[in-house]
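Each chain is listed here by its residues.
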Amino acid sequence: MLKNFLGNSPLWLKYTILSFLVLNIFANFLLGPTVTAWIFIAEFIFCLAMALKCYPLQTGGLLALEILILKLTSPEAAKDEVIQNFEVIFLLMFMVAGIYFMKPLLMFIFSKVFTKIKSKLFLSLLFLILAAILSAFLDALTVTAVLISVAVGFYGVYHKIQSADTDYNDTGVLDRKELSGETLEEFKSFLRSLIMHGVVGTALGGVCTLVGEPQNLLIGEKMGWDFIDFFVRMSPVTLPVLLGGLLTTIILETTGWFGFGQKLPKIARSIIENYTEEEDRKRTKSQKYGLIVQAVSAVFLIIGLALHLAPVGFIGLGLIIVQTAFMGITDEHSIGKAFEEALPFTGLIVVFFVIVAMIHDQHLFHPIIHWALSLDTATQPSVFYAANGLLSMISDNVFVATVYIGEVKDAFDAGDISREHFEKLAIAINTGTNLPSVATPNGQAAFLFLLTSSLAPLINLSYFKMVKMALPYTIVLAGIGFLGIWFFL
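Being a predicted model, the structure only gives us computed values, none of them experimental. Each chain has its residues counted from 1, running along the sequence as written. Residues qualify for local features only when their pLDDT is at least 70, as the model is predicted, and side-chain atom pairs are given and counted only at 80 or more; totals for whole chains, interfaces and linings, by contrast, use all residues. The basis for every side-chain value is the complete set of non-hydrogen atoms in the structure, without hydrogens or water.

Of all the bends in helix H12 (residues 227-255), the largest measures some 70° and sits at Ser 235, one to four residues before the proline Pro 236. Relative accessibility decides the category of a residue: with a 1.4 Å probe and only protein chains considered, values under 20% of the type maximum give buried, values over 50% give exposed, and everything between is partly exposed. Here a helix means four or more residues in a row that DSSP labels H or I, a strand means two or more in a row labelled E, and each is numbered from the N terminus. Listed in full, the buried residues belonging to H12 are Phe 230, Met 234, Ser 235, Val 237, Thr 238, Val 241, Gly 244, Gly 245, Thr 248, Thr 249, Leu 252 and Glu 253. At the N-terminal end of H12, a side-chain oxygen is found 3.2 Å from the backbone nitrogen of Ile 228, two or three residues along, and the residue is Asp 226. Backbone geometry just after H12 places Gly 256 at a positive phi near 80°. Values of bend correspond, residue by residue, to the angle between axes fitted over the seven residues ending at that residue and the seven starting there. N or O atoms closer than or at 3.5 Å make up a polar contact, with two conditions inside protein: a donor-capable atom paired with an acceptor-capable one, and, for residues adjacent in sequence, both atoms drawn from side chains.

Both trends apply: most residues other than glycine have a negative phi, and most peptide bonds are in trans. Here Leu 6, not a glycine, exhibits a phi torsion of approximately 60°, which is positive. By secondary structure assignment, the location of Leu 6 is in the segment before helix H1 (11-30). Positive phi, close to 55°, is recorded for Phe 258, a residue that is not glycine. For Phe 258, a relative accessible area of 31% translates into the label partly exposed.

On to the packing of aromatic side chains. Only rings of Phe, Tyr and Trp enter the pairing, Trp through its six-membered ring, and a pair is recorded when the two centres are within 6.5 Å. The plane angle decides the type: under 30 degrees is stacked, over 60 is edge-to-face, the rest tilted. Following the criterion strictly, the structure yields 21 aromatic pairs and no others. With a centroid separation of 6.2 Å and 45° between ring planes, the pair formed by Trp 38 and Phe 365 is classed as tilted. Taken together, the positions of Trp 38 in helix H2 (residues 33-49) and Phe 365 in the loop between helix H17 (343-361) and helix H18 (366-373) put the pair 327 residues apart, joining distant regions of the chain. A residue is classified by how much of its surface remains accessible, and Trp 38, at 31% relative accessible area, is partly exposed. Arranged with centres 5.9 Å apart and planes meeting at 70°, the rings of Phe 110 and Phe 127 form a pair that is edge-to-face. With Phe 110 in helix H6 (residues 103-116) and Phe 127 in helix H7 (residues 120-137), this residue pair connects regions lying 17 residues apart in the sequence. Accessibility classification places Phe 110 together with Phe 127 in one group, the buried group. These aromatic residues form a ring-pair network of at least three members: Phe 86, Phe 90, Phe 94, Phe 314 and Phe 339.

It should be kept in mind that the predicted coordinates are not to be read in detail where pLDDT is low. You can read pLDDT as the predictor saying how much it trusts each residue, on a scale of 0 to 100. Chain-level pLDDT for the protein chain is 89 on average; 100% of the residues reach the 70-or-more range. Across the protein chain, element-level confidence peaks in H1 with a mean pLDDT of 96 and bottoms out in helix H9 (residues 175-178) with 82.

All right, on to the nonpolar core then. Most often, soluble globular proteins keep nonpolar side chains buried together rather than apart. In terms of nonpolar packing, the biggest core is built from 151 residues, with Met 95, Phe 114, Met 196 and Leu 450 touching the most fellow members. Tallying contributions element by element places helix H8 (residues 140-163) first for this core, with 13 residues. In this structure, Phe 90, Ala 97, Ile 320 and Ala 338 belong to the second largest nonpolar core, which totals six residues. We define the nonpolar core as a collection of buried residues of types Ala, Val, Leu, Ile, Met, Phe, Trp, Tyr and Cys that are connected through side-chain atoms lying within 4.5 Å of one another.

Before going further, it helps to spend a moment on helix H24 (residues 463-488). The length a helix should cover is 1.5 Å for every residue beyond the first. Taking 1.5 Å per residue as the helical rise, H24 with its 26 residues ought to reach 38 Å, and the 35 Å between its terminal C-alpha atoms agrees with that figure. Ala 470 marks where H24 bends most, by close to 40°; the proline Pro 472 follows one to four residues later. Among all positions in H24, only Tyr 463, Met 466, Met 469, Ala 470, Pro 472, Tyr 473, Thr 474, Leu 477, Ala 478, Gly 481, Gly 484 and Ile 485 are buried.

Tracing the sequence through the fold places Ser 382 in helix H19 (residues 380-394). A distance of 2.9 Å separates a polar atom in the side chain of Ser 382 from the backbone oxygen of Thr 379.

For helices, the fitted axis covers only the stretch in contact; all axes are lines through C-alpha atoms, and the angles between them, taken along N-to-C directions, range from 0 to 180 degrees. Between H1 and helix H3 (residues 56-69), the least distance of the axes is 11 Å, while the angle of their chain directions is 15°. It follows that H1 is roughly parallel to H3 by the angle criterion. Between H1 and H3 the crossing geometry is right-handed. Only Thr 59, Leu 62, Leu 63 and Glu 66 of H3 make contact with H1, whose side of the interface consists of Ile 17, Phe 20, Leu 21, Asn 24 and Ile 25. For the contact of H1 with H3, the residue count by class is six nonpolar, two polar and one charged. Just so you know how the angles are binned, under 35 degrees is roughly parallel, over 145 roughly antiparallel, 65 to 115 roughly perpendicular, and the rest oblique. Should the near helix be turned anticlockwise from the far one by less than a right angle, the crossing is termed left-handed; should it be turned clockwise, right-handed. The contact rule is simple, with two residues in contact once any of their heavy atoms fall within 4.5 Å. Throughout, the ten residues Ala, Val, Leu, Ile, Met, Phe, Trp, Tyr, Cys and Pro are labelled nonpolar, Asp, Glu, Lys and Arg are labelled charged, and all others, Gly among them, are labelled polar.

Moving on to the pattern of salt bridges. Should a side-chain nitrogen of Lys or Arg be within 4 Å of a carboxyl oxygen of Asp or Glu, the pair is scored as a salt bridge. For the coordinates displayed, the defined rule picks out 11 salt bridges. A salt bridge links Asp 165 to Arg 176; the nearest nitrogen and oxygen atoms lie 2.1 Å apart. Of this pair, Asp 165 sits in the loop between H8 and H9 while Arg 176 sits in helix H9; the two residues are 11 residues apart in sequence, bridging distant segments of the chain. Assessed through its relative accessible area of 58%, Asp 165 is described here as exposed. Under the relative-accessibility criterion, Arg 176 is labelled partly exposed at 32%. Arg 283 is the partner of Asp 280 in a salt bridge, and the nearest nitrogen-oxygen pair spans 2.9 Å. Asp 280 gets classed as partly exposed once you look at its relative accessible area, which sits at 27%. Salt bridges sharing common partners tie together Lys 112, Asp 280 and Arg 283.

For the rest of this paragraph, the subject is a nonpolar patch on the surface. Note on patches: the residues involved have over 30% relative accessible area and no salt bridge, like charges join within 9 Å, and the nonpolar side chains Val, Leu, Ile, Met, Phe, Trp and Tyr join within 5 Å. Exposure was quantified through the Shrake-Rupley algorithm and a 1.4 Å probe, taking into account, for residues, occlusion by the shown protein chains and nothing else. Nonpolar side chains collect at one region of the surface, where Val 22, Ile 25, Phe 26, Phe 29, Leu 30, Leu 31 and Val 35 lie side by side and expose about 750 Å² of accessible area between them. It is H1 that contributes the most residues to the nonpolar patch, five residues altogether. Within the secondary structure, Val 35 is located in helix H2. We classify Val 35 as partly exposed; its relative accessible area is 39%.

Disulfides are covalent bonds that connect the sulfur atoms of two cysteines. We call a pair of cysteine sulfur atoms a disulfide whenever their separation is within 2.5 Å. Going through the model one piece at a time under the given rule, you end up with zero disulfides. Take Cys 47: it sits in no disulfide, and the sulfur closest to it among the cysteines is that of Cys 54, at 8.1 Å. With a relative accessible area of 2%, Cys 47 lands in the buried category.

Written as structure tokens, this is what we have:
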């Protein structure tokens, strides 16, 4: 039984999870539900940190089941959290699968970008800026899905060459020998730094606009702000933060600090260039036609998302239907492969909502909110920003924003605060939940999606490595955001 429990996970991890499950029972009876709930949060974060040892759906899922058994929350409360966040689940189910069928087009474009742009600094800035712009109008998870698809595809090209008896650069040495060892590690480091710049870009862009993040829409609805109102009111904080993010990228790529700065190895660039040129020559009429279908679908995707013609999940489903119909992919097995990437993460997100429901039912954040509202009004925005930021690092930023804006709206409706002060607190809540939450994968769904994706083990991106690489961005983004709140609000 112990051998089968959690499969090939290390024995110490198996014992740790079992000890959690036993100790939680005693904690609930001896320490009470509130303390036990905080213990569960710490344990769930540990499970996320061990994502490369064991997928968190199993370890975190066992904790979620125990939470329900101990009645720290109820299935109905967890269901309510899932329904409130259904668009995120809807997105994961269909949009990520839709992107799967666009991989040939993405690889065609980005293989050219990777090999033609020699400057790693320019390439890093390009990734961050594109991710920020797209996330301001689309959805961070969709953008992250594209980034992951590109990186997985590019790694696949590398692995395909490394596994074959080829010599694309005509050196007389097999490519697999030249691409192994230190060159492979450098290539992984190169991809790792690019993908981290990209996901940070999704946070930089997502905080700026009404449609950038789910909590932005919620806050905008409570405040009665339209797209322009939201952007203008957030801009004193968000635009300096965006500039700070760009400067951080330049510094990190120039100095090589925190695991950044690795360039694409020259030998790898040469081999991949020759490989892609040969692939271009060998491309059949059917494959070229497929690229056209994918390009047209990509245009429709951008228009549909930018204009919000339908929920993101519906747009993703439409993307699947159009691409498979016009590219002749009609058997169930081929279509099913597209869903393999996102559905484990979808299950993990539902497990996470059980944790969120527990936080809500045990009122874990309420004492902090009431304490912040009891302070002098001049200091409240900065305190709200800091409190939101810290809580978003350990919990879901959408949930934190929902709880905080609801409490502040109640205070405004009761006549305890003015409209002007209400707006200041709303800005603090939005920026506080969006910016410091880049510190850990817990706060941002895009970061968690990356951590639990098939790409993470390929490029050796662990929980702690992600936290380390995000640290300079966390300090700069959170610091500039705090200064913006302090001086402008």
